[in-house]
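An overview of the molecular structure
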Amino acid sequence: MFANAGRRVHAWTGSWCAVGLLSLMVIPSAWAADPIVGACCLPDGTCVETSWDECVIQCGFFGGPGTACAGQLCPIPLPGACCLPDGTCEQTAGQCVCRQLGGSFQGPTVPCGTALCPELGACCLPDGTCVEANRDDCDADCGFFGGSGTVCADQLCPIPLPGACCLPDGTCEQTAGQCVCEQLGGTYQGPTVPCGIAACPDLGACCLPNGTCVEIDRDDCDDQCGFFGGTGTVCAGQLCPIPVPGACCLPDGTCQQTAGQCICEQLGGTFQNLGTTCSFTVCPRPGACCLPDGTCEDLLIEDCVAQCGSFEGDGTTCSTQEFCCIELDRACCLPDGSCIETSECECEQLGGVSRGPGSACEDDVCPSIGACCLPGGTCEVTSQGKCADQCGFFQGEGSVCGPFCILPARRACCLPDGTCIDTLECKCELLGGSFNSAAGCATTTCLPPRGACCMSNGTCVENVTQESCEADCGLYRGDGSACDGLLCPLQLRQACCLPNGTCANRSPCVCLNAGGVPQGPGSNCFSLPNVCSIIADPDVIE
């Protein structure tokens, strides 16, 4: 395998080592079991007869089993700069030798004088100790690099204040700074923050749209369009439903089946309801949109309307549009009493009132402004519309602010959570409450908040209180929630021995409410026919 007497020999380039070339060779099993000696060309150009393993250890090139050094002409590899761990540089005979020294080879023929070896400096570690390392190694150890050429003898390394680090598994650990926390995959809560008060997200079972279950926090579950089972719940025993897919109209006019509205919205699409299919769905396509300034863009109809444009139809393009008309501006009276000239559509978007085609602000077409008493007792001069937007009391056109502001009396406002506050009717509407103009909270009884409730059999009922929902063994979905688009998990059933001695497959909660005794997860009235004294109608589903 080595050169014969008449063969020209080239110097090694140093870009390979014996380990790399020999990894491409097929080594017979007999050779591996009983090492056979052969010629080995060493980096210094000499030749020794040794085994393949010993040759590789010495960064040599093995000529093959049974070869001899006699007649071999071994090349001498071109040396190159090798950056060593202590920051110094040494010329080595190739990459293999450099690696054995723990260094980084800079290439053959590269002298140490021009090699870009990282310089060492003092590195203060998170535990307060100091080592001399290069900047990259210091950063990798979350240390503070004092600069090239600095030494530990001159350093006084501070010990960073530990802080809470929320780890991916939901636990909390005190770490010496943000860097150490991030290396653990956690989220740093700040120095001096103890784990006892850290706001680490609590984990729970999350049913994903594909029917699988993972234990993550609520935010991560929502980001993946999952159904969060609650803090502390585990995937073991969970029966995750696979949502019914539906058609999703994408912004480019195409259609895609997605597992629910959440995934569709993440794609920027519009969900067409559960059970719908793309085969029977006509999605709106972009079309030419003539904008008020006379330019044209290919947009969806809703985007066109949002920009006060004129939509030319699905599938039309601006490239085939002959021209777009420029809409003439007209006077627009804004809520603050000022006037601008713009299109009718843009005027409405600004909350103004358009004065019609041909009108101009110089014609003094906008109504005058007046004093407005605000809920805080202050007064400002503005238009009646802006006064109403701030829940103020308009004193009339042309009125001025006086020394006192009089507002309507505050009355009872029942909020969605069932609490009551005395406030103005306008404020109550903004809070989504129910206003009682005849009395205050002292004599008003507010109904408790209501929402959607997922029942144990997977169905959903609306407009029930949390107390009523939980009494019926349901899962309350929050105040003001609705069943529309809500996926209710089916609670796992088990054998339940009822007071009359019969057996029925029911969820533990329903079983206990009926005065029964649950028989444990995995049990049922079919597999344990004699679990109760009498078996009667085991297929009963509440």
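Each chain carries its own residue numbering, running from 1 in the written order of its sequence. This being a predicted model, a pLDDT of at least 70 is required before a residue's local features are given, and a value of 80 or more before pairs of side-chain atoms are given or counted; all residues contribute to the totals for chains, interfaces and linings. Excluding hydrogens and water, the side-chain values take into account all heavy atoms of the structure.

What follows concerns the overall build of the protein. Each helix and strand counted, the protein has 14 helices and 36 strands in total. The globule rule puts the C-alpha radius of gyration for 542 residues at 24 Å, and the 40 Å found for the protein is more than 25% above it. With the principal axes as the frame, the protein shows a C-alpha extent of 115 × 90 × 65 Å. Under the scheme applied here, a residue whose accessible area is under 20% of the maximum for its type counts as buried, over 50% as exposed, and between as partly exposed, the area being computed with a 1.4 Å probe on protein chains only. With 542 residues in all, the protein has 34% of them scored as buried. What makes two residues a contact is simply this: any of their non-hydrogen atoms within 4.5 Å. Taking all contacts inside the protein whose residues are at least 6 apart in sequence as the whole, residues at least 24 apart take part in 47%. Secondary structure elements are taken from DSSP: a helix is a run of H or I of four residues or more, a strand is a run of E of two residues or more, and numbering for both begins at the N terminus. Both definitions apply: the radius of gyration is a C-alpha atom measure, and the globule rule equals 2.2 Å times residues to the power 0.38.

Strand pairing requires that DSSP identify at least two bridges connecting the strands. Of the pairings in the sheet, the one linking strand E13 (residues 203–207) to strand E14 (residues 213–217) comprises five bridges and is antiparallel in character. The residue bridging Ala205 from the neighbouring strand is Glu215, located in E14. The antiparallel hairpin formed by E13 and E14 contains five residues in its connecting segment, where Gly211 sits at a positive phi of about 90 degrees.

On to the sheet that holds strand E10 (residues 163–166), then. Ordered in space as E11-E10-E12, the three strands form an open sheet in which the pairing is antiparallel. In this open sheet, the two strands that pair with only one neighbour each are strand E11 (172–175) and strand E12 (187–191). On average, each strand axis in the sheet is tilted by 25 degrees relative to the strand beside it, whichever way the strands run. In this structure, E10 lies alongside E11, joined through four bridges in antiparallel fashion. Looking at the pairing, Cys166 lines up with Cys172 of E11. For helices, the fitted axis covers only the stretch in contact; all axes are lines through C-alpha atoms, and the angles between them, taken along N-to-C directions, range from 0 to 180 degrees.

Looking now at the environment of Pro162. Assignment of secondary structure puts Pro162 in the loop between strand E9 (144–148) and E10. Accessibility expressed as a relative area gives 41% for Pro162, which makes it partly exposed. Taking C-alpha positions, Pro162 is 9.1 Å from Gln178, a pair spaced 16 residues apart along the chain. Setting aside its immediate chain neighbours within four residues, Pro162 contacts Gln174, Thr175, Ala176, Tyr188, Pro191, Thr192 and Val193.

What follows covers the state of the cysteines. Counting rule for disulfides: a pair of cysteine sulfur atoms within 2.5 Å. Under the counting rule described, the total for this entry stands at 42 disulfides. Between the sulfur atoms of Cys124 and its disulfide partner Cys157 the distance amounts to 2.0 Å. Across the S-S bond of Cys124 and Cys157 the torsion is about -70 degrees, and the bridge reads as left-handed. Of this pair, Cys124 sits in strand E7 (residues 120–124) while Cys157 is found in the loop between E9 and E10, placing the two residues 33 residues apart along the sequence. For Cys497, the disulfide goes to Cys532, at an S-S distance of 1.9 Å. One quick way to see it: the torsion about the S-S bond of Cys497 and Cys532 is about -95 degrees, and its sign makes the bridge left-handed. You can see Cys497 sitting in strand E34 (residues 494–497) and its partner Cys532 sitting in the segment after strand E36 (517–518), a full 35 residues away along the chain.

This part covers a negative patch on the surface. Patch membership requires more than 30% relative accessible area and the absence of a salt bridge. Residues of like charge join within 9 Å; the nonpolar side chains Val, Leu, Ile, Met, Phe, Trp and Tyr join within 5 Å. Per-residue and other accessible areas follow the Shrake-Rupley method at a 1.4 Å probe size, with only the shown protein chains counted as cover for residues. A side-chain nitrogen of Lys or Arg and a carboxyl oxygen of Asp or Glu constitute a salt bridge if their distance falls within 4 Å. Think of it this way: Lys and Arg go in the positive column, Asp and Glu in the negative one, and His and the chain ends go nowhere. For the purpose of locating charges, the reference atoms are NZ of Lys, CZ of Arg, CG of Asp and CD of Glu. A cluster of like negative charges, contributed by Asp293, Glu297, Asp298, Glu327, Asp329, Glu341, Glu346, Glu362, Asp363 and Asp364, occupies part of the molecular surface. Positionally, Glu346 belongs in helix H10 (residues 344–349).

What follows deals with the sheet that holds strand E32 (residues 460–464). Within a sheet, adjacent strands bond to each other through the backbone by hydrogen bonds, running parallel or antiparallel. The antiparallel open sheet is built from three strands, whose spatial order is E32-E31-E33. A single partner strand is all that each edge strand has here, and the edge strands are E32 and strand E33 (475–479). Ignoring strand direction, the axes of neighbouring strands in this sheet form an average angle of 25 degrees. As defined by bridge partners, strand E31 (residues 451–454) adjoins E32 across three bridges and the pair is classed as antiparallel. If you follow Cys453 over to E32, its bridge partner there is Val461.

Another aspect to go through is the confidence of the model for the protein. Summarising the model, the protein shows a mean pLDDT of 82, and 92% of its residues fall at 70 or more. As a per-residue measure, pLDDT reflects the predictor's confidence and takes values from 0 up to 100. Across residues 1–33 the pLDDT falls below 50, and counting only partners more than four positions away or on other chains, this stretch makes 52 contacts in the model. Confidence drops under a pLDDT of 50 for residues 535–542, and excluding neighbours within four residues, the segment shows 22 contacts in the predicted structure.

What follows is about the layout of surface pockets. A 1.4 Å probe that fits into a set of points on a 1 Å grid over the protein atoms alone but cannot get out defines a cavity; an open set with protein on both sides within 12 Å along at least five of seven lines defines a pocket, and lining residues are those with an atom within 4 Å of a point. Grid points are joined across faces, edges and corners, and a volume is the space filled by probe spheres set on the points. A volume near 700 Å³ is recorded for the largest pocket. Around the largest pocket sit 24 residues that line it, and Cys225, Cys262, Gly485, Leu486 and Leu487 are the ones nearest its centre. At the level of elements, helix H7 (218–223), strand E15 (227–231), helix H8 (261–266) and strand E18 (270–274) are the ones that each hand at least two residues to the lining of the largest pocket. Considering every element that reaches the lining of the largest pocket, the biggest residue donor is E18, with three residues. Of the voids in this model, the second largest pocket is the one considered here, and its volume is about 470 Å³. Forming the boundary of the second largest pocket are 19 residues, of which Gln238, Pro489, Leu490, Gln491 and Leu492 lie nearest the centre. Counting only elements with at least two residues in the lining of the second largest pocket, the list comes to E13, E15 and helix H14 (508–513).

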